[in-house]
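Residues per chain are reported as follows:
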Amino acid sequence: MSQAATLNSATPTVRPARRSGSLGDMIFAAACRGAGIFVLLLLGAIIAGLFIGGWDAFRTFGPAFVTGTDWDPVQEVFGAGVSIYGTVVTAVLALIMAVPVAFGIAFFLTELAPSWMRRPVGTAVELLAAVPSIIYGMWGFFLIVPFMAQTFQPFVIDNFGEIPVIGDLFAGPPFGTGILTAAIILAIMVLPFIAAVMRDVFNTVPPVFKESAYGLGCTTWEVVRNVVLPYTRVSVVGGIMLGLGRALGETMAVTFVIGNANRISASLFGPGNTIASVVALEFGEATMGSLKLSALLGLGFILFVISFIVLSLSRFMLRQRVQK
Amino acid sequence: MSHSSIPGRPKDLKASAALGRKRRRTDLIIRTACFAATIIGVLFLISILGTLFWNGFSALSLKVFTDVTRPPGSDGGLLNPIIGSVIQTFIGTLIGTPIGLLVGTYLAEYSKASPLAHSVRFVSDILLSAPSILIGLFVYQVLVVPFGGFSGWAGCVALAIIVIPIVVRTTEDMLRLLPDTLREAVIGLGAPKWKMITLVCWRAAASGILTGILLAVARVAGETAPLLFTSLGNLNWSLSLSAPMASLPLTIYAYAGSPYQDWIALAWAGALIITLGVLGLNIAARSLLRK
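Described below are features of the structure shown in this document. Here, residues in each chain are numbered from 1, in the same order as that chain's written sequence. Chains and ligands are labelled by the order in which they are written, letters from A for the one and numbers from 1 for the other. Per-residue local features are limited, in this predicted model, to residues with pLDDT of at least 70; the limit for side-chain atom pairs, both in listing and counting, is 80 or more; totals at the level of whole chains, interfaces and linings are taken over all residues. Neither water nor hydrogens contribute to the side-chain values; these are computed over all heavy atoms in the structure.

**Thoughts on the side chain of T251 of chain B**
Within the fold, T251 of chain B resides in helix α11 (residues 248-256). For T251 of chain B, the residues in contact, after removing those within four places along its chain, are T69, L78 and P81 of chain B. Runs of E in the DSSP output that reach at least two residues are strands. Runs of H or I that reach at least four are helices, and both are numbered from the N terminus. For this analysis, residues touch if any pair of their heavy atoms sits within 4.5 Å.

Structure, rendered in structure tokens:
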């Protein structure tokens, strides 16, 4: 009885407390929601900002800004063709080199490695992803470039340079820098991202599936090829696209090793440039309000559009698996 | 139980033995190749760290930490880039973390599947992997052009934009790991939702959220591209956030490309410092999460 009485008498004091709680709730919910909308607007602002900044160049050159291959600050003629080509070629070459190795690492970490080895090796691969890109640039510039110039490129030119079609790929003097060197550095940089995604999606395969295949007498490779890969196919492609997105926008490492010349050469040893490297290198020479600055911002807009498409595809493919 | 009792064509023992050998051989080759791939991956890390220690350790001295940058040949240090990096990373994280925390909370606690939440999650994921140089270009247009010059503040804001999506991702993931019974218990006690989130959920997920913040710090501490057009770099001693500000990655970039041996040596020393710092933060974040 007395308990009920105290409960009853306590009821009025609950009310104001609840009201202040609901006010706090409203403010907090609004803050969270506002922050979410802020992030949305931020991406919108980045796209709009780059587009408006590049408008002068788009208007002056029209579609030729995308397809043109001239980049002449003196004549004020700007075309993004060469750097778009360089961006795509280095990124795709990097993927061709990185994907098999990344698959090997993921395969090893999920199926082959003894359990004591998984964590340290997995951590090592993740640390490779954490190394800042400027360090990759320096390492590439002082270690890989001399190796390419003194050992790898002379060897390839001596042995394959004379073959009709293949020889064209290796034409030119062995400077060490160039498209291929940039692609190698990019491959090393995106390797840990792709390997980590592959490892994580390989781990999502239900053990029952794999055990059934092993029970039928499959070898490890047959299990991975016929059970794990078909089950995770979409996510694996998503992981590769994520790596592609990273490779497209990489700036500092590429700037160090690509040779920075505005021309398209058939040779993999030839110098080139990418959108990001052009922006990083030429920005210092562009004055505020000049057509060149607008062209650089326009380049940024093009890079953003390419990355946006690739990253959206990647996310779409990776999320499908997660939401199932 | 002889072979003839199995229905179908009798088994050619020789052929199936050969097939078995072939399958095992393929398996062995691929397994070896995968092991080799892993060795290659680990070798890259060892090679990078080895090069950094080899070149950076000899250039490392107390002077690097106590003296400011000087012209080539006059034996300077890296004090102002180090301080500049610390300041910009700290303020960038300070600006970006609360926003990221609120967005992550919104996605995990308020709106898991609404159209707005889906688009916020999508945009945050895009920002997470978007080329960082474009964030630099954007901040250049928004903060450098209107205010008439490069500044440390612009650098901080560019870094903050990179921090946000990292914190969003880890905060959402960590809050989602909490059991709903925890939330029901708090609400059942009569606490308002915001108290449930701030006093219970955030606290329960604190180590995970802190991991995200540490990873974000590690990421922005090594960023170069977004600072190129925002804080620009400064070879003179300056602590003003309204003026161009030095940072370690930008100084490494400038020094490594120079023809002066002592500058290149300093660049290696700086590279060693920043890599050890970044990898150390990563390892700390990982061990924090494992606890």
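Now that the structure has been shown, the text picks up again.
**Digging into the interface of chain A and chain B**
Opposite the 80 residues of chain A that make contact, chain B presents 78 residues. Together chain A and chain B conceal approximately 7100 Å² of surface at their shared face, both sides included; 80% is due to carbon and sulfur atoms. A carboxyl oxygen of Asp or Glu within 4 Å of a side-chain nitrogen of Lys or Arg is what we treat as a salt bridge. One can count three salt bridges joining chain A with chain B. Whenever a nitrogen or oxygen atom comes within 3.5 Å of another N or O atom, the pair is scored as a polar contact, on the condition that within protein one atom can donate a hydrogen and the other can accept it, and that pairs from neighbouring residues in sequence are kept only if both atoms are in side chains. Taken together, the links from chain A to chain B amount to eleven residue pairs in polar contact (both at pLDDT 80 or more). Residues are grouped as follows: nonpolar covers Ala, Val, Leu, Ile, Met, Phe, Trp, Tyr, Cys and Pro; charged covers Asp, Glu, Lys and Arg; every other residue, Gly included, is treated as polar. Class assignment for the residues of the side of chain A that touches chain B results in 55 nonpolar, 17 polar and eight charged. Accessible-area loss on putting two parts together, using a 1.4 Å probe and summing over both, is the definition of buried area adopted here.

**Concerning unusual backbone geometry**
Here the phi dihedral of E76 of chain A falls at roughly 60°; this positive angle occurs in a residue that is not glycine. Note on placement: E76 of chain A falls in the loop between β1 (71-72) and β2 (77-78). In this structure, D75 of chain B is a non-glycine residue whose phi angle is positive, near 60°. For D75 of chain B, the location among the structural elements is in the loop between α2 (62-66) and α3 (79-110).

**Some points on helix α9 (residues 206-221) of chain B**
Residue and element names in this part refer to chain B. A helix is expected to span 1.5 Å for every residue after the first. The first and last C-alpha atoms of α9 sit 22 Å apart over 16 residues, in line with the 22 Å expected at 1.5 Å per residue. For every residue, the accessible area (1.4 Å probe, protein chains only) is compared with the maximum for its type, and the residue is labelled buried under 20%, exposed over 50%, or partly exposed between those bounds. Regarding α9, the residues found buried are G208, I209, T211, G212, I213, A216, V217, A218, V220 and A221. On the buried face of α9, the contacting elements are α3, α6 (152-177), α8 (193-204), α11 and α12 (261-290).

**Examining the environment of P131 of chain B**
By secondary structure assignment, the location of P131 of chain B is in the loop between α4 (115-129) and α5 (132-147). Sequence separation between P131 of chain B and P226 of chain B is 95 residues, and the spatial gap between their C-alpha atoms is 9.2 Å. The contact partners of P131 of chain B, leaving out residues within four places of it in the chain, are G249, L303 and S307 of chain A.

**What about the pattern of salt bridges?**
All told, the structure shown has 18 salt bridges over all chains when counted by the stated rule. In this structure, the salt-bridge partner of D200 of chain A is R199 of chain A, at a minimum N-O distance of 3.5 Å. By relative accessible area, D200 of chain A is classed as partly exposed at 43%. Residues D67 of chain B and K63 of chain B are paired through a salt bridge, measuring 3.0 Å at the closest nitrogen-oxygen approach. Connected through salt bridges with shared partners, the residues E126, R199 and D200 of chain A together with R286 of chain B form a single ionic network.

**Quick look at the state of the cysteines**
Working definition: a disulfide is two cysteine sulfur atoms within 2.5 Å of each other. Counted according to the given criterion, the structure contains zero disulfides over all chains. In this structure C201 of chain B is a free cysteine whose sulfur lies 11 Å from that of C32 of chain A, the closest cysteine sulfur available. Overall, C201 of chain B belongs to the buried group, its relative accessible area being 0%.

**Things to note about the packing of aromatic side chains**
Within 6.5 Å between ring centres, the rings of Phe, Tyr and Trp (the latter by its six-membered ring) count as paired, and their orientation is classed by plane angle as stacked under 30 degrees, edge-to-face over 60, tilted in between. All told, the structure shown has 30 aromatic pairs over all chains when counted by the stated rule. Look at F108 of chain A and F35 of chain B: their rings are 5.3 Å apart centre to centre, the planes differ by 50°, and that puts the pair in the tilted class. A residue pair is termed interchain when its members come from two chains, as with F108 of chain A in helix α3 (residues 81-112) and F35 of chain B in helix α1 (residues 13-59). By relative accessible area, F35 of chain B is classed as partly exposed at 37%. Through a chain of ring-to-ring contacts, the aromatic side chains of F51, W55, F58, F61, F65, W71, F78 and F301 of chain A assemble into a single cluster. The ring of Y110 of chain B carries the charged tip of K193 of chain B above its face, separated from the ring centre by 4.3 Å. By definition here, charges over rings are those cases where NZ of Lys or CZ of Arg is within 6 Å of the ring centre and within 35 degrees of the ring normal.

**Concerning the side chain of T87 of chain A**
Residues and elements named next belong to chain A. Within the secondary structure, T87 sits in helix α3. Residue T87 is classed as buried on the basis of its relative accessible area, which comes to 1%. Separated by 2.6 Å, the side chain of T87 and the backbone oxygen of S83 make a polar contact. Apart from residues no more than four positions distant in its own chain, T87 is found in contact with L248, N273, T274, I275 and L303.

**Some points on a nonpolar patch on the surface**
Residues and elements named next belong to chain A. Residues enter patches when their relative accessible area tops 30% and they take part in no salt bridge; the joining distance is 9 Å for like charges and 5 Å for the nonpolar side chains Val, Leu, Ile, Met, Phe, Trp and Tyr. Computed with the Shrake-Rupley method and a 1.4 Å probe, the accessible areas treat only the protein chains shown as cover for residues. Where nonpolar side chains cluster on the molecular surface, the patch consists of F155, F160, I163, V165, I166 and L169 and spans about 540 Å² of accessible area. Every element with two or more residues in the nonpolar patch is listed here: α5 (133-160) and α6 (164-169). Ranked by residue count, the leading element in the nonpolar patch is α6, at three residues. Among the structural elements, F155 can be located in helix α5.

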